[in-house]
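Listed below, chain by chain, are the residues.
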Amino acid sequence: MEDWEDDQSPVVTNTTFDNKESSWKSAGDGFGSQDGDNVWGSRKGSGDFKSFSSGVDENGNKEVDGGNSWNGGDCFRGRGSRGRGRGGFRNPFNSDSQSDFVGRGGRGGRRGEGGRGTFPQERRRGGGGYRGQDEEVFSKGSQKEHEEKEEGETTGPKVSYVPPPPPEEENSIFAHYETGINFEKYDDILVDVSGSNPPKAIMTFEEAQLCETLNRNVAKSGYVKPTPVQKHGIPIIFAGRDLMACAQTGSGKTAAFLLPILQQLMNDGVATSKFSEVQEPEVIIVAPTRELISQIYLEARKFAYGTCVRPVVVYGGTSTGFTIREVLKGCNVLCGTPGRLLDIIGRGEVGLSKVRYLVLDEADRMLDMGFEPTMRKLVNSPGMPPKEERQTLMFSATYPEDIQRLASDFLKVDYLFLAVGVVGGACSDIEQNIIQVTRYSKREQLLELLKATGTERTMVFVETKRSADFIATFLCQEKVPTTSIHGDREQREREKALGDFRTGQCPVLVATSVAARGLDIEQVQNVINFDLPKYIDEYVHRIGRTGRCGNTGRAVSFFDPESDTPLARALVKVLSGAKQEVPSWLEEVAYSAHGTTGFSPHGKVFASTDTRRGGFFQKNSEPQPAAQSTSAGDDDDEDWE
Ligand SMILES: Nc1ncnc2c1ncn2[C@@H]1O[C@H](COP(=O)(O)OP(=O)(O)OP(=O)(O)O)[C@@H](O)[C@H]1O
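Since the structure is predicted, the reported quantities are computational estimates derived from the model, not experimental observations.

### Considering the UniProt feature "domain: DEAD-box RNA helicase Q" (unreviewed entry) in the protein chain
Those residues carrying the UniProt feature "domain: DEAD-box RNA helicase Q" (unreviewed entry) are residues 203-231 in this numbering. Here residues 203-231 runs as 45% helix and 0% strand, with 6 Å between its end C-alpha atoms.

### Considering the site of the ligand
In the vicinity of the ligand there are 22 residues, among which Tyr223, Gly252, Lys253, Thr254 and Cys549 approach most closely. In terms of residue count, the dominant contributor to the shell around the ligand is helix H7 (residues 253-267) (3 residues). Counted by class, the shell around the ligand contains 6 nonpolar, 12 polar and 4 charged residues. Residues lining the shell around the ligand come from more than one domain, with at least three contributed by each of domain 1 (170-420) and domain 2 (430-592).

### Looking at the UniProt feature "domain: Helicase ATP-binding" (unreviewed entry) in the protein chain
Under the feature "domain: Helicase ATP-binding" (unreviewed entry), the UniProt entry names residues 234-417. End-to-end, the C-alpha atoms of residues 234-417 are 13 Å apart, and along that stretch the chain is 39% helix and 16% strand.

### Side note on unusual backbone geometry
For Asn197, which is not glycine, the phi torsion reads 55° and is therefore positive. Along the polypeptide, Asn197 turns up in the loop between strand S1 (190-194) and helix H5 (212-220). On the basis of neighbour counts, which here come to 10 C-beta atoms within 10 Å, the residue Asn197 falls in the exposed class. Look at Gln523: it is not a glycine, yet its phi comes out positive at around 55°.

### Describing the sheet that holds strand S11 (residues 482-485)
Pairing is parallel across the open sheet formed by 6 strands, whose spatial order is S9-S14-S13-S10-S12-S11. In this open sheet, the two strands that pair with only one neighbour each are strand S9 (430-436) and S11. The sheet shows a mean angle of 20° between the axes of neighbouring strands, taken without regard to direction. The pairing of strand S10 (residues 457-461) with strand S12 (residues 508-511) spans 4 bridges and is parallel. Across the sheet, the residue bridging to Val460 is Val510, located in S12.

### Description of the domain arrangement of the protein chain
Partitioning the protein chain into domains gives domain 1 (170-420) and domain 2 (430-592). Contact residues are listed per partner, giving 26 residues for domain 1 and 22 residues for domain 2. Broken down by element, the side of domain 1 that touches domain 2 gets its largest block of residues, 4 residues, from helix H8 (residues 290-303). Of the residues in the side of domain 1 that touches domain 2, the class split is 9 nonpolar, 11 polar and 6 charged.

### What about the environment of Ile485?
Along the polypeptide, Ile485 turns up in strand S11. The exposure class of Ile485 is buried, given the 26 C-beta atoms found within 10 Å. Counting along the chain gives 11 residues from Ile485 to Lys496, while the straight-line C-alpha distance between them is 9.2 Å. Each residue touching Ile485, except ones within four places of it in the same chain, is listed here: Arg494, Ala497, Leu498, Leu509, Ala511, Val514 and Ala515.

### Things to note about helix H10 (residues 338-346)
A large share of H10 lies buried, amounting to 8 of its 9 residues. All buried positions along H10 are accounted for by Pro338, Gly339, Arg340, Leu341, Leu342, Asp343, Ile344 and Ile345. Close packing links the buried residues of H10 with strand S3 (283-286), strand S4 (311-314), helix H9 (320-328), strand S5 (333-336) and helix H12 (372-379). Note on H10: the residue one or two positions beyond its end, Gly348, has a positive phi of about 80°.

### Here we look at the nonpolar core
Note that soluble globular proteins tend to have their nonpolar side chains buried in a common cluster. By size, the foremost hydrophobic cluster in this structure holds 144 residues, and its most contacted members are Leu418 and Val460. Counting residues per element, this core draws most heavily on H7, which supplies 8 residues. Shared between two domains, this core takes at least three residues from each, and those domains are domain 1 (170-420) and domain 2 (430-592). Excluding anything up to four places from it in sequence, Val460 contacts Leu446, Ile471, Val508, Leu509, Val510, Ala511, Ile528 and Phe530.

### Considering the pairing of S5
Of the two faces of S5, the one holding Val333 and Cys335 and the one holding Leu334 and Gly336 are both buried throughout. Both S3 and S5 contribute to a ladder of 4 bridges, which runs parallel. By the bridge assignment, Val286 is partnered in S5 with Gly336. Of the pairings in the sheet, the one linking S4 to S5 comprises 4 bridges and is parallel in character. Bridge pairing links Val312 to Leu334 in S5. Read as a crossover between parallel neighbours, the route from S4 over H9 to S5 is right-handed.

### Comments concerning the environment of Ala570
Mapped onto the secondary structure, Ala570 falls in helix H19 (residues 568-577). Expressed as a C-alpha distance, the spacing of Ala570 and Ala590, which sit 20 residues apart in the sequence, is 8.2 Å.

### Notes on the confidence of the model for the protein chain
Across the protein chain, pLDDT averages 77, with 69% of residues at or above 70. Per-residue pLDDT stays below 50 along residues 1-88; that stretch engages in 191 contacts with residues further than four places along the chain or on separate chains. In this model residues 615-641 is a low-confidence stretch, pLDDT under 50, and it forms 57 contacts with partners more than four residues away in sequence or in other chains. Across the assembled chains, the prediction reports ipTM 1.00 with pTM 0.77.

### Observations concerning the pairing of S10
For S10, a buried count of 5 out of 5 residues is recorded, marking the element as mostly surrounded by other parts of the structure. Two elements, S10 and strand S13 (residues 524-529), share 5 bridges in a ladder whose sense is parallel. For Val460, the partnering residue across the bridge sits in S13 and is Ile528.

What counts as what
- Residues numbered from 1 in each chain as written.
- Predicted model: local features only at pLDDT ≥ 70, side-chain atom pairs only at ≥ 80, totals over all residues.
- UniProt positions renumbered as here; feature names shortened; annotations may be inferred.
- Helix = DSSP H or I, 4+ residues; strand = E, 2+ residues; numbered from the N terminus.
- Near = placed C-beta within 6 Å.
- Nonpolar A, V, L, I, M, F, W, Y, C, P; charged D, E, K, R; others polar.
- Domains from an automatic or database assignment.
- Buried ≥ 20, exposed ≤ 12 C-beta atoms within 10 Å, placed from the backbone.
- Pairing = 2+ DSSP bridges.
- Axes fitted to C-alpha atoms, helices over the stretch in contact; angles between N-to-C directions.
- Contact = placed C-beta atoms within 7 Å.
- Core = buried A, V, L, I, M, F, W, Y, C linked by C-beta atoms within 7 Å.
- Right-handed = clockwise from strand over helix to strand, strands pointing away.
- pLDDT = per-residue confidence, 0-100.

Structure below.
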């Protein structure tokens, strides 16, 4: 670890390869774009792969070499002698498949690396056992992490960052990506609704009877047909029921709660009131990270377009004064990260007595050990209606059983549990590959993969903030246009990084778990787990940044038996649940890994369904009454305990 820190001497902490004048072109348009063949294979040796021209990174550091270097199969020529060894690594992004790999010790002479090729031990998280150390607040971790928690709140350094205003132009507000070829297959997913007396699902948006403005906004967003979580979730919310909903990543959970809530506000004639001294929102939406809550806010703003309902977003890392001014302009739907929300409430700028809806997005995360105390503070804040008098809605793609039990503290007794597919399962539109590695070979393998992905947008997940800096710096040095996002970066930098990634200016984003959940970025074709996370639910969320809304995607994970064996059994389960090939070596590791589960630290594995009892499955296209459960995999879980 210490060595590794020394090893990163030429650290560029703010790693963005700014390729404004980039001409990072390839012969094809991306992976598989040429007759289904991997263009990267054909590119090999062709030399037609022009690199982006170098520019200046966000620190103003001039990029070394000033130019390109990704010359097809002749990669890295002239960048130091790099011995090649045979690693037996099959590149899943490369149809040539048997790409040799740089083996341990094969490196040498590259500046600043001293030929070490080593990688740090993971900085283990403290015994708290919860994930997302880079998330908004209250993560256990280093002193520094504590110090920086919820910057801009009542403690810590004063933050003056004012985020750029959201788009005003209609086209930008409603910009969206297309649903993918598997969108229709959503209808085949089994849906389980448990709890008493669930309302009938809707099959179309017309059946939702949204008002004209909302209908128009839905259409302008490119939505033609509701997804399963929308078909079932919308009527449940309209019926006034509390809800714990679980549906796979990228399947439209955000609209499932926003649309019925906004419609109810419209029905009740709710309108924003400027100039009140205290704003009293009807809706509070909470999410664990700043970028995610900003995204939810933009969605709320989009659906509320042309109405009198005003959403506002508040999150850490931004100027508190600015936040307060925004709230005071009028606020019906208050979207926030937990710390900043509590701060604004504590300052008396927001009254809670009118709250009718409390939404926890990524609910399992919001209720785990990191955030649970804050959530309890929130629901116990003065003026907050008790759970009997508000509607509480929880959404996620994963729900460990103990979190479900804990969540019931926040919900009315008769809440409904909606499960689309197997709770905690990965989206089957994502092709998952697990590659056995040693920690010494990871960087080279990463480079090889990125060579194959070319200009495709790729998220690379690492476990620590330092690794994020380190890997991003390394990739920049290798002329891969890379940016990074993690909790030690300033908010301005985080937003710029995400912006550069969204626009494709930097097609590679190195991220910690801060970007694992919820982010909906167009055309993320690949996710690479450079480091596997400790817990399987985190894995499910990370890979869920690709393969969204019926589109296909790929995820490749580096499995280092030295550190990742505890995750093996959970991985096997998730892979087989998503009908993915399970490598035999992984099965072997899994079966020999006695006493380790890799599942959530909270005890049990992710549940197959409602922990209160077995639910019933409805074929999504034909909603049916209770008692027809064919709960997939209920028993299987036992095998994995
Ligand atoms: N009915 C629909 N028709 C077309 N596109 C949709 C529909 N519903 C949602 N989408 C789009 O699908 C994408 C994914 O939706 P969303 O971000 O709500 O997924 P999610 O289930 O919340 O994912 P995650 O679990 O990762 O948070 C978004 O771009 C959204 O606009």
